[in-house]
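# Structure assessment
Each chain, written out:
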Amino acid sequence: MPNLLDLFQGVGSLVDSDPKILCARLGLILLGVVLVFLGKRGVLEPLLMIPMGLGMAAVNAGVLFLDPQTAAAVTEQAVAKNAQVQGTLFMAPLVQQTENLMYLMQVDFLQPIYTFAFSNGLIACFVFMGIGVLLDVGYVMARPFESMFLALAAELGTIATFPIAVWFGLTTNQAASIAMVGSADGPMVLFTSLTLAKEYFVPITVVAYLYLGLTYGGYPYLIRALVPKKLRMIRMKSAPTAPISSNAKLIFAVVACTVLCLLFPVAAPLFLSLFVGVAVREAGLKEFENLLSGPVLYGATFLLGLLLGVLCEANTILDPVVLKLLVLGILALLLSGVGGLIGGYCLYFLSGGRYNPVVGIAGVSCVPP
Amino acid sequence: MNTVKTALLVFSLGTAISFAVAGLIMVIGRAIRFAEQRASDKS
């Protein structure tokens, strides 16, 4: 009579687990289902939450006992023949050695995408290309100081969260990575945490994307709490500005990309990705525009959501630091929203009451996909 | 205290760079508009 727990290894591995891991796996399965539900209802961003939620549920349910060769590749050490090493056939994000990676790319179906597109920031760059195509730089060119002021004000969360995170016991690199959640820019958080705090990039990125999806629901309450109705109702008249031609926007994209890459080469991949999208749009390259704003952007978003969900495997994210990251992430976004509104209020007073302070929150970039 | 100073220093530097970039954007925009105006006047 075959052992049923050996036949149904997902259940067998649950029974065989440490109680903490058992609870974590069941909790994450439930959380994954809830995320799918909330995504479908529109409470959270469905483009990310549906693949992410399903990935989270599947990876925590689909744990099996690995064969000795796969177990040795995943753990990166010698494993006894009868050892019961648990793992999944999705991917192994913590594997470093090339030989083990090459083996796992033939076994784990998401490993090639993770290794060649996620952990090197390529997916983040694809998303930025799509965003560049959707972006109209006209307003920034027409009102550069106003735009820059609001964007700076909305970085209050990033600046203020950094010392608080260090006070919480994180290293400066880890603190900077979690503080980046205040920028409300998903690809930027991914890129920064991969560069500065690779050991925590999974929980930081998952926290960032979860919260960025929540800001759509949460920020209106913040606005209602901090801006009285009378000010919220201010109708702004758009001041006449000289029209900005496509040629001007194209030249701006080229010059800005080059200058910013010169100043900050560490972020050059993201600058290039964003401005190549802008350049494609302003040059009128319709085929490339459709490619970048369609398959590239949505393909990258889909794979990002799926990979983030699959990364939320109980063993990978069960770390006491995750609780600190949860608190710091929400603090960073909250303070950024407050900072944006403060910036809006400054412009309100400087313009003699003609500027609607609510516009300040638009300084929070909030790009979950 | 050091981290607060670091944060304030980064913020000040960021502010200066941001406004410098805004100034650069303004200059680029004006230069492009001037060049376009000259091109349309010539034609």
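Scoring rules and cut-offs
Residues numbered from 1 in each chain as written. Chains lettered and ligands numbered in written order. Predicted model: local features only at pLDDT ≥ 70, side-chain atom pairs only at ≥ 80, totals over all residues. Heavy atoms only, no water. Helix = DSSP H or I, 4+ residues; strand = E, 2+ residues; numbered from the N terminus. Expected span 1.5 Å × (residues − 1). Buried < 20%, exposed > 50% of the residue type's maximum accessible area, 1.4 Å probe, protein only. Contact = heavy atoms within 4.5 Å. Salt bridge = Lys/Arg side-chain N within 4 Å of Asp/Glu carboxyl O.

## Some remarks on helix H11 (residues 156-167) of chain A
Taking 1.5 Å per residue, 12 residues should reach 16 Å; H11 of chain A reaches 17 Å between its end C-alpha atoms and fits that length. If you check which residues of H11 of chain A are buried, you get Gly157, Thr158, Ile159, Thr161, Phe162, Pro163 and Ala165 of chain A. In this structure, the buried side of H11 of chain A is in contact with helix H12 (172-179) and helix H20 (321-350) of chain A together with helix H1 (2-42) of chain B. The first or second residue beyond H11 of chain A is glycine 169 of chain A, which carries a positive phi of 110 degrees.

## Side note on the pattern of salt bridges
All names here are of chain A. As enumerated under the stated definition, the model contains 3 salt bridges over all chains in all. Glutamate 282 is the partner of arginine 281 in a salt bridge, and the nearest nitrogen-oxygen pair spans 3.3 Å. According to the relative accessible area criterion, glutamate 282 is buried, its value standing at 10%. The partner of lysine 286 in a salt bridge is glutamate 289, and the shortest N-O contact between them spans 3.5 Å. Of this pair, lysine 286 and glutamate 289 are both found in helix H18 (residues 286-311), 3 residues apart, which corresponds to roughly one turn of the helix. With a relative accessible area of 14%, glutamate 289 lands in the buried category.

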